[in-house]
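Here are the chains, one letter per residue:
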Amino acid sequence: MKYCKDFTVVSNEIITPSLFILRLQYPEALPEIKAGQFVEILVEGERDKDVFLRRPISFHDVNYETNQIALLVQVVGKGTASLSKAKKGDKLNLIFPLGNGFTIMGKKVLLVGGGCGAAPLLYLLRILKQQNIETHTLIGCKDVNHLFSKSEYQSLSSLYITTEDGSYGEKGFVTSHPILQQTYDAIYCCGPTPMLKAISKHAKEKNIPCFVSLEHSMACGIGVCLCCVVDTQQGNKRTCVTGPIFLSTDLKDF
Ligand SMILES: Cc1cc2nc3c(=O)[nH]c(=O)nc-3n(C[C@H](O)[C@H](O)[C@H](O)COP(=O)(O)OP(=O)(O)OC[C@H]3O[C@@H](n4cnc5c(N)ncnc54)[C@H](O)[C@@H]3O)c2cc1C
Ligand code: FES
């Protein structure tokens, strides 16, 4: 079941000038939301008259006790710049929950996230913790200023961090972190496509199932416009309905 409802902005936390976390209040009990699913958010009215299509954003966090969700957003263009101006009390219209979710499996798993693409991993960690699955989380970012939700990650998982400039954790990229040499039952990966491909290749070599979250450009988000088609071993699939989470070995070019 999909919903189209107004949420109320509870807070807009600025992480960097181009990265922010919106906390949104749902007026009733939240329906079940799977980690890895996303919303299509309307950017309209006084906020911006030029942004016509809804923008897809992943669930960063979900709290069923308060009926609040969190969205971590990076400003890349008009829509996200407009959303960055949302303030407490504003209403935002969301279609949700969209897409599939991560397949939960195994006893010990690795989560790998790069930049703001790591957004879906926090809620995934909550689900894995509820199921008593041991987790290691490896987050890569540009520098310490781009690190977000660190204390939440640490409260849920063993956390490993890389920064490109060495300002926090190991210097370099997630792909060269020694934690990757450990054995896992599954790897969950979100972030830029080159990182997804590198981690998928590593997982394939070690024979570990690897689930990746694709951030293809989308329009409708509900399977109608066909603008998000991806080439898979089973033929063309729409990322918004069959994905955004795919088993990496199901994807061509991965
Ligand atoms: C399933 C899904 C989940 C997503 N989750 C998040 C999230 O949690 N947080 C977040 O910040 N962003 C997320 N994104 C990306 C986000 O939807 C885009 O950054 C946003 O739609 C850009 O809108 P805009 O109007 O600001 O930029 P636009 O003006 O539309 O585009 C600005 C530039 O960004 C490029 N761009 C637009 N969309 C994408 C995209 N999907 N991937 C790569 N480049 C793109 C455009 O080609 C253009 O160069 C997600 C995308 C998908 C498909
Ligand atoms: S975004 Fe329209 S079919 Fe996927």
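Since this is a predicted model, take the numbers as computed values, not measurements. (Residues numbered from 1 in each chain as written. Chains lettered and ligands numbered in written order. Predicted model: local features only at pLDDT ≥ 70, side-chain atom pairs only at ≥ 80, totals over all residues.)

## Focus: the sheet that holds strand 6 (residues 68-74)
- Read from one edge of the open sheet, seven strands run 4-3-7-1-2-6-5, paired in antiparallel fashion. For this open sheet the edge positions go to strand 4 (55-58) and strand 5 (61-63), each flanked by a neighbour on one side alone. With direction set aside, neighbouring strand axes in the sheet form an average angle of 35°.
- Pairing of strand 3 (residues 38-41) with strand 7 (residues 91-98) involves three bridges; the strand directions are antiparallel. Its bridge partner being in strand 7, Phe38 is matched across the sheet by Leu98. (Pairing = 2+ DSSP bridges. Helix = DSSP H or I, 4+ residues; strand = E, 2+ residues; numbered from the N terminus. Axes fitted to C-alpha atoms, helices over the stretch in contact; angles between N-to-C directions.)

## Focus: the nonpolar core
- Counting residues in hydrophobic clusters, the biggest one holds 65 residues, and the most contacted among them are Leu124, Ile187, Tyr188 and Cys189.
- No other element matches the six residues that helix 2 (residues 121-130) contributes to this core.
- Residues lining this core come from more than one domain, with at least three contributed by each of domain 1 (3-98) and domain 2 (108-213).
- Those residues in contact with Cys189 that sit more than four places away from it in its chain are Val112, Leu196, Ile199, Cys210, Phe211 and Val212. (Core = buried A, V, L, I, M, F, W, Y, C linked by C-beta atoms within 7 Å. Buried ≥ 20, exposed ≤ 12 C-beta atoms within 10 Å, placed from the backbone. Domains from an automatic or database assignment. Contact = placed C-beta atoms within 7 Å.)

## What about the sheet that holds strand 13 (residues 210-213)?
- Pairing is mixed in the open sheet, where seven strands are placed in the order 11-10-9-8-12-13-16. Every interior strand has two partners, whereas the edge strands, strand 11 (170-171) and strand 16 (245-247), have only one.
- For strand 12 (residues 186-190) and strand 13, the ladder comprises four bridges, and the chain directions are parallel. Its bridge partner lying in strand 13, Ile187 is registered against Cys210.
- Of the strands in this sheet, strand 8 (108-114), strand 9 (134-141) and strand 12 touch helix 2, which is tilted by about 170° from strand 8.
- Of the strands in this sheet, strand 8, strand 12 and strand 13 touch helix 4 (residues 193-205), which is tilted by about 170° from strand 13.

## Digging into the site of ligand 1
- Lining the immediate surroundings of ligand 1 are 21 residues, of which Ser58, Gly77, Gly79, Thr80 and Ala119 lie closest.
- When residues of the shell around ligand 1 are traced back to their parent elements, those giving at least two are strand 4, strand 6 and helix 1 (78-83).
- Here the shell around ligand 1 is composed, by residue class, of eleven nonpolar, seven polar and three charged. (Near = placed C-beta within 6 Å. Nonpolar A, V, L, I, M, F, W, Y, C, P; charged D, E, K, R; others polar.)

## A closer look at the environment of Ser18
- With respect to the helices and strands, the residue Ser18 is situated in the loop between strand 1 (3-16) and strand 2 (19-25).
- Among residues more than four places away in sequence, those in contact with Ser18 are Gln74 and Val75.

## Remarks on the domain arrangement of the chain
- Partitioning the chain into structural domains gives domain 1 (3-98) and domain 2 (108-213).
- Taking only C-alpha atoms into account, the centre of domain 1 sits 24 Å from that of domain 2.
- Taken residue by residue, the interface counts 13 residues in domain 1 and eleven residues in domain 2.
- Mapped onto the side of domain 1 that touches domain 2, the elements with two or more residues apiece are strand 1, strand 2, strand 5 and strand 6.
- Taken together, the residues of the side of domain 1 that touches domain 2 sort by class into seven nonpolar, five polar and one charged.

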